[in-house]
Amino acid sequence: MFISKRALAAVALATGSAIALAGCAGSPEPAGTYDPDEKVSIDLAFWGNDVRADLYNKAIEAFNEKYPNITVNSSFLAFPEFWEKRQTEAAGKNLPDVMQFDYSYLRQYSENGLLLDLDPYLGGIIETDPLPQNILDIGVVNDTTYGIATSTNAWGLFTNPVLLEQAGVDEFAGGSWDDYTAWMSEITDASGGEFWGGSDYTGRIQNFELQLRSEGGELFTEEGEPGFDEARLKAFWEEGQSIRDGIGVPQQTVEEALPLGGFDTALTASELTWDNFGAGYLGNLGEGYTELGLVAPPVTEDGAKDLYLKPSMLHSIAANTDEPEAAATLVNFLVNSPESGEIFGTNRGLPASETALAAAELDPLSQQVKDYEASIADRLGDAPPVPIVGYGTLEEKFRQLGVELNFGTMTVDEAVSQFFTEMDVVLNQ
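Throughout this document, residue positions are counted from 1 along each chain, in the order its sequence is written. Selection of residues for local features in this predicted model requires a pLDDT of at least 70, selection of side-chain atom pairs for listing and counting requires 80 or more, and totals for whole chains, interfaces and linings are taken over all residues. Water and hydrogen atoms play no part in the side-chain values, which are based on all heavy atoms of the structure.

- Per an unreviewed UniProt entry, the protein goes by ABC transporter substrate-binding protein and derives from Microbacterium gawkjiense.

See the structure below:
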């Protein structure tokens, strides 16, 4: 996918001091409701492409049918440029009234006083009945709501039915991480060297997070402290040794497939990732692929609430807005209205609001994702604390060290040492 969010986390860290200087204290007292006779103008900023821009234009037209006196001036950029512009605006205390927001930046902007406290508007201007409590909790930092999720996704295991049929292996039936490794090995052995059962799952920090959550922990606490020690990380990376020794796709083969990955080039029969990646995978796999498998990830501890719903994106309001009631009215429409659900469908992910979801027309893959998220309800726990400032940098470092381990250019002990050194730098910025 485009320039990654991970790369931008470094920009966020470098410009954190500028944002801190831009912080605004407090939130304006809400009037409770927007006066429909009052003529106001607000700015809306989002990231995306021409397709998403057209959808937002249609949504604004529908919004203006209900609220003709609120003029919405919209603008959009690609993801990297969107956040570069927000950094500049933050330094000048001039953020747009309403912003499509990314989860990884929510703590940074909220803790520096740049986002409006939305709690006074919840249950009033911003309807909460269509939003389950675990969805509302996603946008909370330090006991204050700063964002409303437009859509959600969950961690899942995609599988390739064409490759499974060629290998003569059934769908992963669930089980432990060892069971998953054995299942991958069966596929790799049956493929005759044409493809592999999967890749080294220990290269993704999210899989480590699942195991920690199963044990009652988190990657990072609300206070920003790591929820694991060097021994626990070492044990996790050592789990992947048998995969790196021949069960998983070789790293050099993965590098040759770039910018695509092993799964969407049919080199691997499975991939652990967010469930909203399916459409991109199908598009890249191309002719001959009309469906994918989507099942729950391996289990660390039976009965654990290890999975959670993550926002694909949120909507937030700038603390510097002069029109908080009008801005909140727009946020409510973009998140909760049936018109929004009908217009956007799953362009922003599976709608988080029950009213928007009911109005959205779901294609077969979107329906599959919806059914999948319903199927893992007993494993869904509370969302973890909002990511620490610099989380993207650590996520990328984790991935890079996984690549080194797969190339065999680094030992597990060396990787653990490097990660903890990097983590110390990030946490003490």
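Back to the text.
1. Notes on the overall build of the protein
Inference 1: Strands here are runs of E lasting at least two residues and helices are runs of H or I lasting at least four, both read from the DSSP assignment and numbered beginning at the N terminus. The secondary structure content of the protein amounts to 19 helices and 11 strands.
Inference 2: Structurally, the protein occupies a C-alpha span of about 70 × 45 × 40 Å along its principal axes.
Inference 3: Buried residues in the protein amount to 53% of all 429 residues.
Inference 4: By sequence separation, contacts in the protein at least 24 residues apart represent 77% of the contacts at least 6 residues apart.
Inference 5: Only the protein chains shown count as cover for residues, and all accessible areas are computed by the Shrake-Rupley method using a 1.4 Å probe. Approximately 17,900 Å² of the protein is accessible, and the part contributed by carbon and sulfur atoms is 47%.
Inference 6: In the protein, 22 side chains carry a positive charge and 70 a negative one; their mean positions are 4 Å apart. To sort residues, take the accessible area from a 1.4 Å probe on protein chains only and compare it with the maximum for the residue type: under 20% means buried, over 50% means exposed, and anything in between is partly exposed. Any two residues whose heavy atoms approach within 4.5 Å at even a single point are treated as in contact. Counted as positive: Lys and Arg. Counted as negative: Asp and Glu, with His and the chain ends omitted from the count. Note that the charge is assigned to NZ on lysines, CZ on arginines, CG on aspartates and CD on glutamates.

2. Some words on empty space enclosed by the protein
Inference 1: As defined here, a cavity is a set of points on a 1 Å grid over the protein atoms alone where a 1.4 Å probe fits but cannot get out. A pocket is an open set with protein on both sides within 12 Å along at least five of seven lines, and residues line them when an atom is within 4 Å of a point. Grid points are joined across faces, edges and corners, and a volume is the space filled by probe spheres set on the points. Using the criterion set out here, one finds 4 cavities of 30 Å³ or more in the structure.
Inference 2: Within this model, the second largest cavity holds a volume of roughly 40 Å³.
Inference 3: If you trace the second largest cavity, you find it lined by Thr150, Ser151, Ser340, Gly341, Phe344, Gly345, Arg348, Gly349, Pro351 and Ala356.
Inference 4: Broken down by secondary-structure element, the contributors of at least two residues to the lining of the second largest cavity are strand S6 (148-153) and helix H15 (338-344).
Inference 5: With 3 residues, H15 is the largest single contributor of residues to the lining of the second largest cavity.

3. Considerations on the sheet that holds strand S8 (residues 270-274)
Remark on secondary structure: sheet strands pair via backbone hydrogen bonds, oriented parallel or antiparallel.
Inference 1: Between any two strands, at least two bridges found by DSSP are needed for them to pair. What the 3 strands build is an open sheet, ordered S8-S7-S9; its pairing is antiparallel. Edge strands, defined here as strands with exactly one partner in the open sheet, are S8 and strand S9 (293-295). The average angle at which neighbouring strand axes cross in this sheet is 30 degrees, direction not considered.
Inference 2: Every angle, taken between N-to-C directions, lies between 0 and 180 degrees, and every axis is a line fitted to C-alpha atoms, over only the stretch in contact when it is a helix. Against the sheet, helix H8 (residues 177-190) contacts strand S7 (155-159) and S8, and its axis sits at roughly 135 degrees relative to S8.

4. Let's talk about the environment of Thr88
Inference 1: Positionally, Thr88 belongs in helix H4 (residues 79-91).
Inference 2: Since its relative accessible area comes to 61%, Thr88 is described here as exposed.

5. Comments concerning the pattern of salt bridges
Inference 1: One side-chain nitrogen of Lys or Arg within 4 Å of one carboxyl oxygen of Asp or Glu is enough to make a salt bridge. Following the criterion strictly, the structure yields 11 salt bridges and no others.
Inference 2: The partner of Lys58 in a salt bridge is Asp54, with the nearest N and O atoms 3.4 Å apart. Of this pair, Lys58 and Asp54 both sit in helix H3 (residues 50-66), separated by 4 residues, roughly a single helical turn.
Inference 3: Residue classification places Asp54 among the partly exposed positions, given a relative accessible area of 36%.
Inference 4: Two residues, Glu89 and Arg86, come together in a salt bridge whose shortest N-O distance is 2.6 Å. Of the two residues, Glu89 and Arg86 both sit in helix H4, 3 residues apart, roughly one turn of that helix. For the residue pair Glu89 and Arg86, the accessibility class agrees, reading buried in each case.
Inference 5: Three or more residues joined by partner-sharing salt bridges are found here, namely Arg107, Glu111 and Glu222.

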